[in-house]
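Single-letter residue listing:
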Amino acid sequence: MKASWDIFCTVVDNFGDVGVTFRLARQLVAEHGMHVRLWVDDLAAFARLCPGADATAEQQWHDGVNVCFWAKDWQAAEPADVVIEAFACHLPAAYIEAMKARNPRPLWLNLEYLSAEEWVTGCHGLPSLQSSGIQKFFFFPGFRTTTGGLLRETGLIERRHAFELNPAAQQAFLADLGIYPQAGASQGHARLISLFAYEHAGLGSWLDCLAADSRPTHLLVPEGRVIGDVQRWLGVEGLEAGAVQVRDNLTVQVLPFVRQEDYDRLLWCCDFNVVRGEDSFVRAQWAGKPLIWHIYEQDDDAHWAKLDAFLELYLKELSVEAGAALTEVWRNWNAGQDMAQSWKTLETYRGELAAHAERWCLEQALQDDLTTALVQFYRNWI
Ligand code: TRH
């Protein structure tokens, strides 16, 4: 059953809002044959994620998605069968009026931010009557079977496994990005770590550890907010994509921002990933590698409860010691504190953390993905 979908996205900041909605839109088209319009109010952010996109176009097509500029002066548009407002953005009043007048009425969904907190379970899928007289349903992504699940394309984990079994493909992918990991004495090559994070006052203490480690590390840093701290530690300025700096056993390389599929491959190639926000956090879990989550900071400190809620789920199958070490590292990282001691302790659980990351990935992949859950929700509703 084909249906039309309108997805509305306000870019608050960074890339997560548009990253999530573009991923969802593409999957609705590719795997469910839906007709999708993605309304984005900041095409510059979109163009970073989607090379080839035109940041000035009123309307453009990418991977079968009709990407439309959501202008402040809204031009009338016929509402779709399903309307998603992402992350509680506000639909244009005229569009809501048009939804009211439409027969049949569209299904109106608010796609919420990702959280592992338990209360999400009780709120997922609940309706709320709006002043317009239309019901709006709240749809929560999540890690529990009682939520809407996580975005995951069909065959994603199988594609990763095949890539991992193909060193030539990995090498070619890295070489395309100008990455040539230094040969290590016993482990084949230097340990690869990706670093996609926000500003972090204690970053230098972590880089000190990596530089002093007996194993070589090749740190891959996509252009973005953390670069300032990296530069300060290196004592240089103006680093751009392609720049490589070496300090003792640490090689730091700045990477260009790449398309979402390539960012996935980068995560798959790394032994450890530092990720942030929402979408890169989920992708790092699908990569099946140990990670640090730099959570998006909220004014009222609400992010700490989210961090703890995730850890509570994630640590269940880990030994108490490894769980405590990981918690300490994540907490220090997110508080911008010195990382030296906690990172060294975490290193002693490397093997256990690696096995756990893969197990967690496979366990999460048993659930329906978010896009399938949304389509199912619509089917049940009509
Ligand atoms: O960019 P983020 O920090 O985004 C967000 C937003 O700030 C949002 O307002 C906030 O609410 C949310 O975090 C929690 O982090 P995120 O979610 O990981 O989004 C980054 C996107 O960028 C993700 O889709 C992956 C993509 N990406 C690429 O496509 N190529 C790259 O090279 C990199 C580094 C990332």
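Numbers given for residues are sequential positions, taken from 1 along each chain in its written order. Note on the predicted model: pLDDT of at least 70 is required for a residue's local features to be given, and 80 or more for side-chain atom pairs to be given and counted; whole-chain, interface and lining totals, by contrast, use all residues. By convention in this description, side-chain values take in all heavy atoms of the structure and omit both hydrogens and water.

Asks: I would appreciate a short explanation of the sheet that holds strand β5 (residues 82–86) in the present structure.
Replies: Backbone-to-backbone hydrogen bonds pair the strands of a sheet. The strands run either parallel or antiparallel. In this scheme, strands are said to pair when DSSP sees at least two bridges between them. In this text, helices come from DSSP runs of H or I with a minimum length of four residues, and strands from runs of E with a minimum of two, each type numbered from the N-terminal end. The strand order across the open sheet built from eight strands is β3-β4-β2-β1-β5-β6-β8-β7, with neighbouring strands paired in mixed fashion. Each having just a single partner strand, β3 (59–62) and β7 (127–129) make up the two edges of the open sheet. The sheet shows a mean angle of 25° between the axes of neighbouring strands, direction not considered. Both strand β2 (residues 35–40) and strand β4 (residues 65–69) contribute to a ladder of four bridges, which runs parallel. When the sheet's bridge partners are listed, V40 is paired in β4 with F69. Lines fitted to the C-alpha atoms define the axes, with helices restricted to the stretch that makes contact. Angles between their N-to-C directions range from 0 to 180 degrees.

Asks: Can you help me understand unusual backbone geometry in this one?
Replies: Residue P104 follows N103 across a cis peptide bond; omega there is 0°. With respect to the helices and strands, the residue P104 is situated in the loop between α3 (93–101) and β6 (107–111). Despite not being glycine, D248 shows a phi value in the positive range, around 50°. Partly exposed residues are those whose accessible area sits between 20% and 50% of the maximum for their type, while under 20% is buried and over 50% is exposed, using a 1.4 Å probe and protein chains only. Classification of D248 as exposed rests on a relative accessible area of 69%. Not every positive phi belongs to a glycine, and D301 is a case in point at roughly 65°. Counting through the fold element by element, D301 comes out in the loop between β14 (291–294) and α11 (302–314).

Asks: Teacher, can you tell me more about a nonpolar patch on the surface here?
Replies: On the surface, M1, W381 and I382 cluster together into a nonpolar patch covering about 300 Å² of accessible area. Within the secondary structure layout, I382 lies in the segment after α15 (370–381). Judged by relative accessible area, I382 falls into the exposed class, the value being 58%. Patch membership is restricted to residues that have no salt bridge and whose relative accessible area is over 30%. Joining uses 9 Å for like charges and 5 Å for the nonpolar side chains Val, Leu, Ile, Met, Phe, Trp and Tyr. Accessibility throughout is a Shrake-Rupley quantity obtained with a 1.4 Å probe, and a residue counts as covered only by protein chains that appear here. The working definition used for a salt bridge is a side-chain nitrogen of Lys or Arg within 4 Å of a carboxyl oxygen of Asp or Glu.

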